[in-house]
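Each chain, written out:
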Amino acid sequence: MDERTLTPGARAMRGERDGWLARIDFDMAPFTIAWEVTRACAYACDHCRADAQHRRDPRELTTAEGMALIDDLARFGRPILVLTGGDPLMRPDLFDLAAHADAAGLRVSLTPTATALVTADRMARARDAGIRRVAFSLDAPTAEVHDRFRGFAGSFERTVRGMRAAGDAGLALQVNTTVYADNADSLADMVPLLQEWGVVQWSVFFLVPTGRGARLAMLDADGHERVLGWLHDLTGTVGFDIKATAAPHYRRIALQRAARASLGDRLEGVAGAGFRYADGLDRPMKGVNDGRGFMFISHTGDVTPSGFLPIVAGNVREAGAVDIYRDAPLFRELRDPALLKGKCGRCGFKEVCGGSRARAYGVTGDHLAEDPSCVYVPA
Ligand code: SF4
């Protein structure tokens, strides 16, 4: 990306990011924090984690509480702060919060819902507030199927328009796709669209049965292996980075393939580790998992290891987010691979993978159980 097309925040980040990225210790700080600034959303998507509602919840964190939360999160260093929802554009103070986070040194991205609220003016305000990247959800390559998933006719077209508005404002673009049994076969048809739109990252999220998503059918373990293998084949052949979300066994597949190709046992370059972006939202060198490099803060301040693992470790109205991440027993358990059960506990890849803790919980009710979406059988 040309230097002139970077947001002010991204320019400031250049030269500063490498030190923090190299030093980060997941026992002390997450790489990414997702803050659900509101649960309000105009849509009613089939797979919504948040079970989003059309109106804002009066118990949402206030502007002052949000500012104080950001000040606390800045104690971590330079994590990525994803402003999510619901639809974050339904908060009138969104850009004030984003500007405060950018000024505090956080690397801010935004995941708006593709509604009429995504205008050229709002995307320009997002850029000026220091937001570096905007991520839109797209679950199918055609309007007919995507609109059905989203429960809103015209959603596909709105997504295309929103991408254009964000791109014209100079923001980097990301597409998030939720994969489950019904849409896995249409993923390949999405690739030309992503290329055409010039996205920098395709974040492919493997369904976790929670919220409204519990009504949908996950891929089985063979299906996960097939799609993850296909994504790995695609890596490097397209003009965007690919990230598998809620599927840490992507790292196991990448390592197995690297070993077969005699590339050694390093993750770097084989599973997106350390991938660098012009917008500064680089990939970590180590594998992130729920509670290990990642934390989620709900609209009412509840802290959980991810948005898909609904066990509350504390609330920012009662304790600091930094203290909860570092010291809550739940988070400490999730960062200890020795506590994993079943085949994940016996697996030689548990340090780099560990299985999706959210899926293990969603399927079994035990956040330390084995991830049922993995075909690997440890010796
Ligand atoms: S068995 Fe568990 S830890 Fe091992 S690769 Fe599969 S999901 Fe990862």
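Residues numbered from 1 in each chain as written. Predicted model: local features only at pLDDT ≥ 70, side-chain atom pairs only at ≥ 80, totals over all residues.

(A) Focus on helix H6 (residues 143-150). Every buried residue of H6 is accounted for by His146, Phe149 and Arg150. Along the long axis of H6, the arc covered by the buried residues comes to 95 degrees, so they all point the same way. On its buried face, H6 is in contact with helix H7 (155-168). Glycine 151 sits one or two residues past H6 and shows a positive phi near 70 degrees. (Buried ≥ 20, exposed ≤ 12 C-beta atoms within 10 Å, placed from the backbone. Helix = DSSP H or I, 4+ residues; strand = E, 2+ residues; numbered from the N terminus. Arc of directions from axis to C-beta. Contact = placed C-beta atoms within 7 Å.)

(B) Examining the pairing of strand S8 (residues 294-297) more closely. A two-sided burial pattern is seen for S8, the buried positions comprising Phe294 and Phe296 on one face and Met295 and Ile297 on the other. Relative to S8, strand S1 (residues 32-36) runs parallel, the two being bridged by four bridges. Paired with threonine 32 across the two strands is phenylalanine 294, which belongs to S8. Between S8 and strand S9 (residues 302-304), which pair antiparallel in sequence order, lie four residues; one of them, glycine 301, sits at a positive phi of approximately 95 degrees. (Pairing = 2+ DSSP bridges.)

(C) Quick peek at the sheet that holds strand S7 (residues 241-245). If you walk across this open sheet you meet the ten strands as S7-S6-S5-S4-S3-S2-S1-S8-S9-S10, and the pairing is mixed. Looking at strand neighbours, the two that pair on one side only are S7 and strand S10 (314-315), the edges of this open sheet. Where strand S6 (residues 201-206) lies against S7, five bridges are found, and the strand directions are parallel. Within S7, the position partnered with tryptophan 202 by the bridge is isoleucine 242. Set on the sheet, H7 makes contact with strand S4 (133-137) and strand S5 (172-179); between it and S4 the angle comes to about 175 degrees. (Axes fitted to C-alpha atoms, helices over the stretch in contact; angles between N-to-C directions.)

(D) Expanded view of the nonpolar core. In this structure, Leu81, Leu83, Ala98, Ala126 and Val134 are the most contacted members of the largest nonpolar core, which totals 95 residues. Among the elements that make up this core, the one with the highest residue count is helix H4 (residues 94-103) (five residues). Residues in contact with valine 134, not counting those within four places in the same chain, are Ser109, Leu110, Pro112, Ala126, Ala166, Leu171 and Leu173. (Core = buried A, V, L, I, M, F, W, Y, C linked by C-beta atoms within 7 Å.)

(E) Region of the structure containing the environment of glycine 229. Looking at where glycine 229 falls in the secondary structure, it is placed in helix H9 (residues 221-234). Exposure remark for glycine 229: the 14 C-beta atoms within 10 Å place this residue in the partly exposed category. Each C-alpha atom, one on glycine 229 and one on alanine 254, is 8.5 Å from the other, the two residues being 25 residues apart in sequence.

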